[in-house]
Amino acid sequence: MKIAIASDFHLGYDRFREDAFKQAEEALEAASKVADAIIIPGDVFDMRVPKPDVLAEAINLFRNLSKKDWKARVIEVKAANRAYTSVPVIAIPGTHERRAQGAENPVNLLGLAGLLVDVSDGYAVIEKGSEKAMVFGIGGVAEERFLDTITGLNPKPMPGHFSIFMFHQSAYELLPFSDDFIHLDQLPVGFDLYVNGHIHNRVEKKVHGKNFLIPGSTVLTQLKDGEQEGKGFFVFDTSTGMYEFHKITSRRFVVAKLHADGKSADELGAEIRRAIDAAVGSKGDVPIVRVEVDGSLKKGVRSIDVDFQGIAKEYQGNALVEIVKPGMESIETNTDVEALRKGSLENMSVKDYGLGIFVEKLKASKYSLDISPSELFELLSEDASKDKVLKKALEQLFSS
Ligand SMILES: [Mn+2]
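The numbering scheme is per chain: residues are counted from 1 as the chain's sequence reads. Selection of residues for local features in this predicted model requires a pLDDT of at least 70, selection of side-chain atom pairs for listing and counting requires 80 or more, and totals for whole chains, interfaces and linings are taken over all residues. Calculated side-chain values reflect all of the structure's heavy atoms, with hydrogen atoms and water omitted.

Enquirer: Any details on the coordination of the manganese ion? Residues and values, ideally.
Expert: Geometry sets the ideal angles at a metal, namely 109.5 degrees for four tetrahedral donors and 90 or 180 degrees for six octahedral donors. The manganese ion binds to the protein through Asp8 (OD), His10 (NE2), Asp43 (OD) and His200 (NE2); the donor distances cover 2.0 to 2.3 Å. The donor definition counts N, O and S atoms within 2.8 Å of each metal and applies 3.2 Å to Na, K and Ca; water is not among these atoms, so some sites may look incomplete. In the primary sequence, the donor residues of the manganese ion line up as D-x1-H-x32-D-x156-H. Highlighted residues: Asp8 in the loop between strand E1 (2-5) and helix H1 (17-34) and His200 in the loop between strand E9 (193-196) and strand E10 (203-207), separated in sequence by 192 residues. A run of DSSP states H or I qualifies as a helix once it reaches four residues; a run of E qualifies as a strand once it reaches two. Both are numbered from the N-terminal end.

Enquirer: Could you give an account of the environment of Gly114, with specific residues and numbers?
Expert: Structurally, Gly114 is set in the loop between helix H3 (106-112) and strand E5 (117-118). Only protein chains enter the area calculation, which uses a 1.4 Å probe; residues under 20% of their type maximum are buried, those over 50% are exposed, and those in between are partly exposed. A relative accessible area of 14% means that Gly114 is categorised as buried. A sequence separation of 28 residues divides Gly114 from Ser86, and the C-alpha atoms of the two residues are 8.5 Å apart. Any two residues whose heavy atoms approach within 4.5 Å at even a single point are treated as in contact. Apart from the residues lying within four places of it in its own chain, the contact partners of Gly114 are Tyr84 and Thr85.

Enquirer: Break down the sheet that holds strand E14 (residues 253-259) for me, with residues and values.
Expert: Read from one edge to the other, the open sheet built from 3 strands follows the order E14-E15-E16, with strand pairing classed as parallel. A single partner strand is all that each edge strand has here, and the edge strands are E14 and strand E16 (320-324). In this sheet, adjacent strand axes meet at a mean angle of 15° when their direction is disregarded. As paired elements, strand E15 (residues 288-294) and E16 share 5 bridges and run parallel to each other. Opposite Ile288, over in E16, you have Leu320 as the bridge partner. The convention used is that axes are lines fitted to C-alpha atoms, helices contributing only their stretch in contact, and that angles between N-to-C directions extend from 0 to 180 degrees. Against the sheet, helix H5 (residues 265-280) contacts E14, E15 and E16, and its axis sits at roughly 155° relative to E14. In short, DSSP must find at least two bridges between two strands for them to pair.

Enquirer: So what about the packing of aromatic side chains? Which residues, and what values?
Expert: Geometry of aromatic contacts follows a simple scheme: Phe, Tyr and Trp rings, the Trp one being its six-membered ring, pair when their centres are within 6.5 Å, and the pair is stacked under 30 degrees between planes, edge-to-face over 60, tilted otherwise. Enumeration over the complete set of coordinates arrives at 13 aromatic pairs. With 6.2 Å between their ring centres and 40° between their planes, Phe167 and Phe212 make a pair best called tilted. Of the two residues, Phe167 sits in strand E8 (residues 162-167) while Phe212 sits in strand E11 (residues 210-214), which places them 45 residues apart along the sequence. Assigned by exposure class, Phe167 and Phe212 land together as buried.

Enquirer: Give a detailed account of unusual backbone geometry, specifying residues and quantitative values.
Expert: Non-glycine residue Asn154 carries a positive phi angle of around 45°. Here Asn154 lies in the loop between helix H4 (143-153) and E8. With phi around 75°, His198 is a residue other than glycine that occupies positive phi space. One can find His198 in the loop between E9 and E10. The buried category is assigned to His198, whose relative accessible area is 6%.

Enquirer: Now, about H4: what can you tell me, with residues and values included?
Expert: Among the residues making up H4, those that are buried are Glu143, Phe146, Thr149 and Ile150. All buried residues of H4 lie within an arc of 100° about the axis, which places them on one face of the element. Of the exposed residues in H4, those oriented more than 90 degrees away from the buried face are Asp148, Thr151 and Gly152. For H4, the elements touching its buried residues are E8. Of the residues trailing H4, Asn154 is marked for its positive phi of about 45°. Directions are taken from the helix axis to each C-beta atom, and the arc is the one they span.

Enquirer: Now, about the packing of H1 against helix H2 (residues 52-66): what can you tell me, with residues and values included?
Expert: Contact pair H1 / H2: the axes reach a minimum separation of 10 Å and the direction vectors enclose 15°. Between H1 and H2, the interaxial angle falls into the category roughly parallel. Crossing of H1 against H2: the hand is right-handed. Mapping the contact onto sequence places Arg17, Phe21, Ala24, Glu25, Leu28 and Ser32 in H1 and Asp53, Val54, Glu57, Leu61, Phe62 and Leu65 in H2. Three categories are distinguished: nonpolar for Ala, Val, Leu, Ile, Met, Phe, Trp, Tyr, Cys and Pro, charged for Asp, Glu, Lys and Arg, and polar for the others, with Gly belonging to the last. When the residues that make up the contact of H1 with H2 are grouped by side-chain class, the tally is 7 nonpolar, 1 polar and 4 charged. Orientation is classified from the angle alone, with under 35 degrees giving roughly parallel, over 145 giving roughly antiparallel, 65 to 115 giving roughly perpendicular, and any other angle giving oblique. Handedness of a helix crossing follows the sense of rotation of the near helix relative to the far helix, less than a right angle counterclockwise being left-handed and clockwise being right-handed.

Enquirer: Can you tell me about the sheet that holds strand E3 (residues 73-78), naming the residues and giving the values?
Expert: Pairing is mixed across the open sheet formed by 7 strands, whose spatial order is E3-E6-E7-E8-E9-E11-E10. What marks the edges here is a single partner per strand, and that holds for E3 and E10. Neighbour-to-neighbour, the strand axes of this sheet turn through a mean angle of 20°, independent of strand direction. Here E8 pairs with E9 via 4 bridges, running parallel. Within the sheet, the bridge partner assigned to Phe167 lies in E9 and is Asn196.

As structure tokens, then:
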């Protein structure tokens, strides 16, 4: 049985909305042609409460997919939510869809509509002729709760089935940043394949001697060096244990690193234009070009003397230009900003980074409410419930 692994579509992503949709569509369409089943480890949507037109986009996408002539079927599901289809498209919600406990998330909505199988906190069995595979899924949870969640659910492979463990978290070996992140050797043992989402560049590793695959996002979001490699999805053949990466047509992304060192405003301007011209080239597409400038300009020249915005505008229609100029301003820095600059937060979303700081600060202030710091963070980030949550938190604070 051939299983496609495609992840992090981020439908509704504001900045490159059309890219997100088109590239997800191409990945799913291509996957349906070469694979018997598709599994999606989270972040189908970019937001926890997508607007109706984004939901409509997703519904159209998955409806087309479910009409294909699938040779494999989902024959059994035991998960947090009921399944309403046997089409072998199996997903979990990611961190971008994570909502406060008890609230429906948009991936679950697609499950309710019978457009995919939401395999959160449980498993689905796929059958194709005499071949059987099972997928155990755990949707994105707060990092510090993941180990407890694994312990609570106790995922086990199924004898006689090719068993896949699918989740959506950071991993310490990939992001050595927080002690809350799972270590790969803490993942449940005995599975034939481990599949993760969340991280937006492609990762191929081994866990418990088996393959551990992250396909990366299908759309550019973080504009980091690692995303220049091109987007796509994996296809894993359960009978041979071999897999390959299928590229999709994704918008070209080029990073150019320049040094301001002792240059005049005009010199730097010219150098930036040369770098963008080179990146645009003659391919006729509209690439995303990120120009990173470091160092300081010639004495007496300030970075505001360089018309960065004007330069970016000159390329309208030919390139999507982003110019970042760390280190050029003599602004106050702190360790957090330094860490961001040095790229030690590679692969981590701003939301996760913010959550990390929030949890740390609460721990330091000996926070002791019933509600966990990450749940509080989730609640506070849900616009509609802010007043309610503040009230609830205040009540708890002042009643004790
Ligand atoms: Mn993501």
